[in-house]
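Geometric and topological summary
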Amino acid sequence: MKQTDGYIVGFDPCSLVNHYATGFVITSTDKKLMLMTYNLPDSIYRFPLENFQGFENSGYFPIDVRFSYKIRVTYTIATESEKIYLLCLGYINTSEFNDATQVIIKSATKL
């Protein structure tokens, strides 16, 4: 297992369109890691709906709140059988998080 401190900075827009568990993007504090997870516990943060507007163009939260959701996560890298692959509509930008490593959260703490 691995651990990092970072920020929840965005979401997978395709998870909203497909009505799947929301995929969240976490960047490490030093911005060297970008992680995508579909199992972030709901109890960690409540996100205002405004954070999810304009998802056709970007899955990042608005700049004024992007680094507001500090978190410590313990995780494992998702195996092929654990990975979530979502089909997405062509009008949604899905390229922003192509380099994100998909992970399974084992524990998460709000910082």
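None of the values given here were measured: they were computed from a predicted structure. (Residues numbered from 1 in each chain as written. Predicted model: local features only at pLDDT ≥ 70, side-chain atom pairs only at ≥ 80, totals over all residues. Heavy atoms only, no water.)

This part takes up the nonpolar core. In terms of nonpolar packing, the biggest core is built from 21 residues, with Ile8, Phe24, Phe47, Phe61 and Ile71 touching the most fellow members. Those residues within four positions of Ile8 in sequence are excluded, and the remaining contacts are Phe24, Val25, Ile26, Leu40, Tyr45, Phe47, Phe61, Arg66, Tyr69 and Ile71. (Core = buried A, V, L, I, M, F, W, Y, C linked by side-chain atoms within 4.5 Å. Buried < 20%, exposed > 50% of the residue type's maximum accessible area, 1.4 Å probe, protein only. Contact = heavy atoms within 4.5 Å.)

In this description, an aromatic ring pair is defined by two values, namely the gap between the centres and the angle between the planes. Going through the model one piece at a time under the given rule, you end up with 14 aromatic pairs. Centre to centre, the rings of Phe61 and Tyr69 are 5.7 Å apart; their planes meet at 70°, and the pair counts as edge-to-face. Taking the relative accessible area as the measure of exposure, Tyr69 reaches 9% and is therefore buried. Among the aromatic residues, ring-to-ring pairing joins Phe11, Phe24, Tyr45, Phe47, Phe52, Phe61 and Tyr69 into one connected group. The ring of Phe67 is capped by Lys31, whose NZ or CZ atom sits 4.9 Å from the centre of that ring. (Phe/Tyr/Trp six-rings, centres within 6.5 Å; stacked < 30°, edge-to-face > 60°. Lys NZ or Arg CZ within 6 Å of the ring centre and 35° of its normal.)

Moving on, we come to the pairing of strand S1 (residues 2–11). Judged by how many residues are buried, S1 sits mostly within the fold: seven of 10 residues are covered. Here six bridges tie S1 to strand S4 (residues 70–77), and the two strands are oriented antiparallel to one another. Its bridge partner being in S4, Tyr7 is matched across the sheet by Lys70. Of the pairings in the sheet, the one linking S1 to strand S2 (residues 24–28) comprises five bridges and is antiparallel in character. Within S2, the residue paired with Phe11 across the bridge is Phe24. (Helix = DSSP H or I, 4+ residues; strand = E, 2+ residues; numbered from the N terminus. Pairing = 2+ DSSP bridges.)

Moving on, we come to the state of the cysteines. Summed over the entire model, instances satisfying the criterion amount to one disulfide. At a sulfur-sulfur separation of 1.9 Å, the disulfide partner of Cys14 is Cys88. Handedness here is read from the sign of the S-S torsion; for Cys14 and Cys88, about -105°, the answer is left-handed. Residue Cys14 is found in helix H1 (residues 13–17), and its partner Cys88 is found in the loop between S4 and strand S5 (101–110); the two are separated by 74 residues along the sequence. Under the relative-accessibility criterion, Cys14 is labelled buried at 4%. By relative accessible area, which is 28% here, Cys88 ends up partly exposed. (Disulfide = S-S within 2.5 Å.)

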